Amino acid sequence: MSSDSRFVPLVLKTDTEPNMNRNFISSACKFLSLVFVFAFLNLTSNAQEISKEPAAISAGETLFNANCKACHRVKSKLVGPALQNVYDRAPSIDWIKSFVKNSSGVIASGDDYANKLYNEFNKTQMTAFSSFKDADIMNILAYIKAETEKVAVTQVPNGPVPPTGGGDGGVSKTYLDVILAGMLLILVLLLIILGFLVSALKRFLDQKELSEEEKEVVHSPITLGTVTSSSGFIFIVVFLAGALGFKAVINGLYSIGIQQGYAPKQPIAFSHKIHAGQLEIDCKYCHVGVMKGKSATIPSVNICMNCHNQIKEGQQTGTGEIAKITAAWENKKPIEWVRIHNLPDLAYFNHSQHVNVAGVECQTCHGPIETMDVVRQHSLLTMGWCIDCHRKTDVNTKGNAYYDKLVELHKEKSKTPMKVEDEGGLECAKCHY
Amino acid sequence: MRIVSTLFVAFSAAVVLTSCGAGGDNQGTEYAPNMYHSVAYEPYSQITDEDAGRWLTSIDYPDGHAEFYNSNKFNPYRMNMRESAPHTVARNKHGWLPYRLGKDSLAFAAANVKSPLDSTAAIIADGKVLYETYCDHCHGPKGKGDGKVAAGGIKVEVNGEQKERSIYAGVANLTSDALKGVSEGHIFHVITMGKGLMWSHGSQISPEDRWKIAKYVKTLQK
């Protein structure tokens, strides 16, 4: 029988251990499992005529995935009950057929079993699938039966998700290392050559007739003391130290009032890498204000709960961090996220103007946000940074009647495309008022 | 010796100044702190500590708070935002009243609530963009319920173990036979109120945008 060959190896797989001689036990297991399978088939074959044909099962799987999966799983309860053994549990196969085609009708007819189910599942009515033919329902049942009878199959381990990004940095780093090593080698070679030159010169000078003083100079020993007290050495050290110090002072002065790189710890360890990167949830799904107003808006707890009413375990932090969202939701207490990007009050910025009208991508200013586990301020947010972009960027005039006249006027005077600065993007009062 | 002392001063200045830069939890030194701590109510920059910025406070505020404090002590959590006053009705720019059918009125809504929009190509194109923003990641690009959040199936490594990524079970296939025939009113009601395992998306998507999405979903179901 085809079904036997499907069952036995699976049972064997779970019961045998490769390094132990357990022939007797395994053959006993084989025998017992055969007995079990036969008994099971005998029991179920009386009740119905559900097909075991692979064609019926695969047809049923397609139908199940297209129509049933939203509310049902075979082995677990979702919106509706788990469907395993439904063919044994329900009053009859005909009952299943009529319930699937018209559940409200069966409930209204006063059917006991249907009403019990209806009440058990919070009076949620199952959608009527009136377009299903009897054969379709039988195929779905064939699929459910095949799934029910599958012994917990060993999970096929998929390979880990290939790491995204970060690859291109590695190449240039090894390249730099090679260059550094090469330069070091050249320096060492130069030192050796210089050493040879010095000894050659000494030998040459010794052959000549020199005064005592000159001999002393030629043969003066080179020690640490003579090197460090030489004026050339002191000049080099002072110059290097002065230059480095000057650079550090200038860099330090420039960093005042600039918060680039600020990456504070948030009350919940939310990862944009998972949500925006791996799951590809659109930025605007959570940051709903970005197309409409000044602030991009940080999502309120109900938006988190749209998914996290069900997803309770994260890949990086387990259940602890997600439990904080549930707690905030249940206690009706807002989550106080830490603001990262903060323009001073003297400058006005509006998200909708940039994202909705100009069509600027989030990443243009916020950097590779979809790869960040902890959000950091990517851009400088200085005035020079704003102006730079306003000088370089073409205005997104397509399909916007507001710009038609402006583009016409601009074309009369200039051949280059209209930039933001051409329509007043550098006017002081556009941002400072 | 003068050189040494000059160098010492320069280096200590450099060390002091490098602590001005931002990074990690350190926000960096602010040039004009009053400008970064808004006195006016600003989103996500509420300061509830009444003594914040005392060191540069030059004005005697009536209730004695310091410069940076910008919260409303009469509101819950000292929030600045309030819910609209009771018994008032907000209308949008088209003059539409809020949608007030209850969650359990799906059948009524499906039969009676009609879309105020015309099926023009522009509106359906808008609907497509909105669908890709708000629906795509669960319901999938073609509405088959196979978006990345719903389908999952990708294994990730957690502490050296292969684990199935958390996924959202029970996402409806919008093109299934049962849902193919639903009205735009039905789709609008479900987006607004949620259905089955889907929660309400009324707070995220404006009524006009919900009608646009409904129009686009109908084209997916053809």
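Given the structure is predicted, the values throughout are model-derived calculations rather than measurements.

Let's talk about unusual backbone geometry
Residues and elements named next belong to chain A.
Stage number 1. Non-glycine residue Thr 297 carries a positive phi angle of around 60°.
Stage number 2. If you check the backbone angles, Lys 332 has positive phi at about 55° while not being a glycine.
Stage number 3. Overall, the relative accessible area of 57% leaves Lys 332 in the exposed class.

Observations regarding the interface of chain B and chain A
Stage number 1. The interface of chain B with chain A comprises 64 residues on the first partner and 73 residues on the second.
Stage number 2. Both sides of the chain B and chain A interface together cover about 5900 Å² of buried area, and 57% of this is carbon and sulfur.
Stage number 3. Among the residues of chain B in contact with chain A, Tyr 36, Tyr 44 and Trp 199 of chain B are the three that bury the most area, contributing 13% of the side total.
Stage number 4. Viewed at the interface, chain A and chain B are joined by three salt bridges.
Stage number 5. A salt bridge links Glu 42 of chain B to Arg 339 of chain A; the nearest nitrogen and oxygen atoms lie 3.7 Å apart.
Stage number 6. Within the residue set of the side of chain B that touches chain A, elements represented by two or more residues are helix H1 (2–18), helix H2 (33–36), helix H4 (121–134), helix H6 (148–151), strand S1 (155–158), strand S2 (161–164) and helix H7 (177–180) of chain B.
Stage number 7. For the side of chain B that touches chain A, the per-class residue count stands at 30 nonpolar, 22 polar and twelve charged.

A short note on the side chain of His 351 of chain A
Residues and elements named next belong to chain A.
Stage number 1. In this fold, His 351 is placed in helix H17 (residues 351–357).
Stage number 2. By relative accessible area, which is 18% here, His 351 ends up buried.
Stage number 3. With residues up to four places along the chain from it excluded, the contact list for His 351 reads Val 290, Gly 293, Lys 294, Ser 295, Ala 296, Asn 356 and His 366.

What counts as what
Residues numbered from 1 in each chain as written. Chains lettered and ligands numbered in written order. Predicted model: local features only at pLDDT ≥ 70, side-chain atom pairs only at ≥ 80, totals over all residues. Heavy atoms only, no water. Buried < 20%, exposed > 50% of the residue type's maximum accessible area, 1.4 Å probe, protein only. Contact = heavy atoms within 4.5 Å. Buried area = accessible area lost by both parts, 1.4 Å probe. Salt bridge = Lys/Arg side-chain N within 4 Å of Asp/Glu carboxyl O. Helix = DSSP H or I, 4+ residues; strand = E, 2+ residues; numbered from the N terminus. Nonpolar A, V, L, I, M, F, W, Y, C, P; charged D, E, K, R; others polar.

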